[in-house]
Structure formats: C-alpha cells, structure tokens
Amino acid sequence: MKQYQKGEYCRRYADWVRVNKIKVGKEYLTKLRIGIASVQVKDSFHKAALSERPNKSSERMDELIKIVNAAVKEKVNLLVLPECCVPFSWAGTIIEAARKHNMAMVFGVEHVVQGKTAYNYLMTALPMRVDDYNNCVLKMRLKNFYSPREKQWIQNYQLQCPSNPCKEEPMRQYDLFSWNHVYFAAYNCFELSHIVDRA
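Residues numbered from 1 in each chain as written. Predicted model: local features only at pLDDT ≥ 70, side-chain atom pairs only at ≥ 80, totals over all residues. Heavy atoms only, no water.

## Here we look at the pairing of strand 9 (residues 172–179)
- Across the eight residues that make up strand 9, a large majority, six, are buried.
- In this structure, strand 1 (residues 17–24) lies alongside strand 9, joined through eight bridges in parallel fashion. Among the inter-strand pairings, Ile22 is bridged to a residue of strand 9, identified as Phe177.
- Here four bridges tie strand 9 to strand 10 (residues 182–185), and the two strands are oriented antiparallel to one another. Note that in strand 10 the partner of Trp179 across the bridge is Val182.
- Once strand 9 ends, the chain turns through two residues before running back antiparallel as strand 10, passing Asn180 with a positive phi of about 50 degrees. (Buried < 20%, exposed > 50% of the residue type's maximum accessible area, 1.4 Å probe, protein only. Helix = DSSP H or I, 4+ residues; strand = E, 2+ residues; numbered from the N terminus. Pairing = 2+ DSSP bridges.)

## Some words on unusual backbone geometry
- Positive phi values are uncommon outside glycine, yet Lys75 reaches one of about 60 degrees.
- As for its placement among the helices and strands, Lys75 is situated in the loop between helix 3 (58–73) and strand 3 (78–80).
- The class for Lys75 is exposed, based on a relative accessible area of 62%.
- At Asn180, a residue that is not glycine, the phi angle is positive and equals roughly 50 degrees.
- Looking at the element boundaries, Asn180 is found in the loop between strand 9 and strand 10.
- Residue classification places Asn180 among the buried residues on the basis of a relative accessible area of 4%.

Function cannot be read off these values alone, since they describe shape.
In structure tokens form, the structure reads like this:
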C-alpha cells in the first residue's frame, strides 16, 4: 500500500471529491422529527422509467399523497423517501408539498434519460421563510456510484451511466446541509459502499 506524507492524502482526496456546504433557514429546531417512508419501488417502475414511459398511475400518486399527509399529521420536520421513488415529472408536486407544509424532504427521482445516458438524481427540498412567505430551496445532485444491478438495467436498454463531463472539476460531489441549524448529508444507496467518501 502506498505511503502518503502528512496531509498529502487529504489534498489528493479534495481533487476527487467536492463537498458543497449549503445553509438554509435561520430558525433553531429544538426538536427534530424524522419520517422515513417505506415504499416498495418495483422493478417495473425502473424499467418503465428507462424506457422513457414512467408509471404515473393514480394509485402511485395516491400512495405518495398518503405518505406526505401522514408525515404532516405526525408533525414530521424531515421526510426521507427512497431512491428512484418519484417520477421526475412529479418532483414539482413533492417540492410544493415541502414548501406548503414547511417540511424538508429528501427523495430520489426515477432515472432521467437524455440521449443514450440514464441519470439518477437525488433531490433535497429545504423549506424556509422569506418575509411572510414560505419558500423552498432545491438541491438536485447526480448519484456518484451506480450498483452493479443498476448498471445492468441501464445497459439492458442500450443506455449508459453518466461520466464526469468536466475534467477540471472533482469527479464526485456530495452535499452537507445546514437546515435551521440541523446538519445532515444525503447519500444515495450504493454511495455508502465507498468507505472513503462516506467518511
């Protein structure tokens, strides 16, 4: 194993990874209620999204509405939904619910296909007050690591995973949020398998 001089590894790591520090809100939450939704994301949903025909059935929308309404009823401050849980065209509805109910939300949108590339995005919606109005800050981040199964699905549709388009930029990006003085980072499933990045 290569030996590094003191500080050298940290400098090298900074060349590969950028951590975006995002601060939203001025309130102090004295109590944080987190809701983690257990939603079955069916293989058929992935396949439909990769075929550019996402499943936008009323049953699926009803399930998301029930989850959000239950979170509102339980006075949840931060709602976490699974990866690839929301069709991309529905993201605005989820963001509006976050704004309206002053509830932060972290959720994955289904694969977005552009050309021959399938993108997997993680969205974080952070509500805040501006004067007398509810507002919402949205951060959309591309997934850094795709699982072997996900890569296989993508390749089965003659698509590819995205590569780093800008060689001057770090190869991977993560976000560190400070929302109303609550700090958290959102990871997308297989990203947790990279022991250096999750440190």
